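Each chain, letter by letter, is given below.
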Amino acid sequence: MSPDQRRTFLLEGTRTAKVATTRTDGRPHVAPVWFDLEGEQVLFWTDASSVKGRNIQWNPQVAICVDDDHPPFAFVLLEGRASIISDPDEVRECAQRIAARYLGVEDGRAFVERAFGIGDIIVRVPPEHVVALYPVVG
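Residues numbered from 1 in each chain as written. Predicted model: local features only at pLDDT ≥ 70, side-chain atom pairs only at ≥ 80, totals over all residues. Heavy atoms only, no water.

## Describing the sheet that holds strand 2 (residues 28–33)
Here is step 1 of the chain: Taken together, five strands build an open sheet; the order of strands is 2-1-5-6-9 and the sheet is antiparallel. The sheet is open, and its two borders are formed by strand 2 and strand 9 (127–133), each paired with just one other strand. Pairs of neighbouring strands in the sheet enclose a mean axial angle of 20 degrees, with direction left out of account.
Here is step 2 of the chain: Where strand 6 (residues 74–81) and strand 9 come together, six bridges link them in antiparallel fashion. Along strand 9, the bridge assignment pairs E79 with H129.
Here is step 3 of the chain: Contacts between helix 1 (residues 3–11) and the sheet are confined to strand 5 (61–68), strand 6 and strand 9, with strand 6 contributing the most and set at about 100 degrees to the helix. (Pairing = 2+ DSSP bridges. Helix = DSSP H or I, 4+ residues; strand = E, 2+ residues; numbered from the N terminus. Axes fitted to C-alpha atoms, helices over the stretch in contact; angles between N-to-C directions. Contact = heavy atoms within 4.5 Å.)

Take a look at the structure:
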């Protein structure tokens, strides 16, 4: 996939991203998240005290997979070093943008107002390594 095809694939519909992190004891942890893109960077919203939030603070290396589970099947796998945004105003703005992608603007805003809390963060992952597959059929 070209970078433009990859961006189109990642933003198509309401696919979730599966975020893989590493626990302090070395065990893997994978969790689905809503996400959005800022340029080529993946952004997602979580709580700093969640398993993935704690893992990222300990080890910022993450892998993110977004897939289409309908034939002919396709995926984008990104690996990168996460950084954390913790400014509450910036977190709220990003969270609303992410929620709007999945729920629409008004429902997304309402969702964020209900769910937003102290300790919420935005995780930003610039891709350092990308594997993308979109098979050509026919």
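## Things to note about helix 3 (residues 88–103)
Here is step 1 of the chain: Its 16 residues place the ends of helix 3 21 Å apart at the C-alpha level, agreeing with the 22 Å of an ideal helix rising 1.5 Å per residue.
Here is step 2 of the chain: Within helix 3, burial applies to V91, C94, A95, I98, A99, R101 and Y102. The buried side chains of helix 3 occupy one side of the element, clustering within an arc of 145 degrees when seen end-on.
Here is step 3 of the chain: Taken from the residues just after helix 3, G104 is the one with a positive phi, measuring 90 degrees. (Expected span 1.5 Å × (residues − 1). Buried < 20%, exposed > 50% of the residue type's maximum accessible area, 1.4 Å probe, protein only. Arc of directions from axis to C-beta.)

## Section: the sheet that holds strand 4 (residues 41–47)
Here is step 1 of the chain: In space, the four strands of this open sheet follow the order 3-4-8-7, with antiparallel pairing throughout. A strand with exactly one partner marks an edge of an open sheet, and here the two such strands are strand 3 (35–38) and strand 7 (83–85). For this sheet the average axis-to-axis angle between neighbouring strands, irrespective of direction, equals 35 degrees.
Here is step 2 of the chain: Here strand 7 pairs with strand 8 (residues 120–125) via three bridges, running antiparallel.

## Digging into the packing of aromatic side chains
Here is step 1 of the chain: All chains considered together, the criterion is met by three aromatic pairs.
Here is step 2 of the chain: For the pair W34 and F111, a centre-to-centre distance of 5.3 Å together with 45 degrees between the ring planes defines the contact as tilted. Of this pair, W34 sits in the loop between strand 2 and strand 3 while F111 sits in helix 4 (residues 105–115), and the two are 77 residues apart along the sequence.
Here is step 3 of the chain: Exposure remark for F111: the relative accessible area of 27% places this residue in the partly exposed category.
Here is step 4 of the chain: What links up through ring pairs into an aromatic cluster is the set W34, W45, Y102 and F111.
Here is step 5 of the chain: One cation-aromatic arrangement involves R15 over F9; the distance from NZ or CZ to the ring centre is 4.1 Å.
Here is step 6 of the chain: Here the basic side chain of R101 rests over the ring of F35, its NZ or CZ set 4.6 Å away from the ring centre. (Phe/Tyr/Trp six-rings, centres within 6.5 Å; stacked < 30°, edge-to-face > 60°. Lys NZ or Arg CZ within 6 Å of the ring centre and 35° of its normal.)

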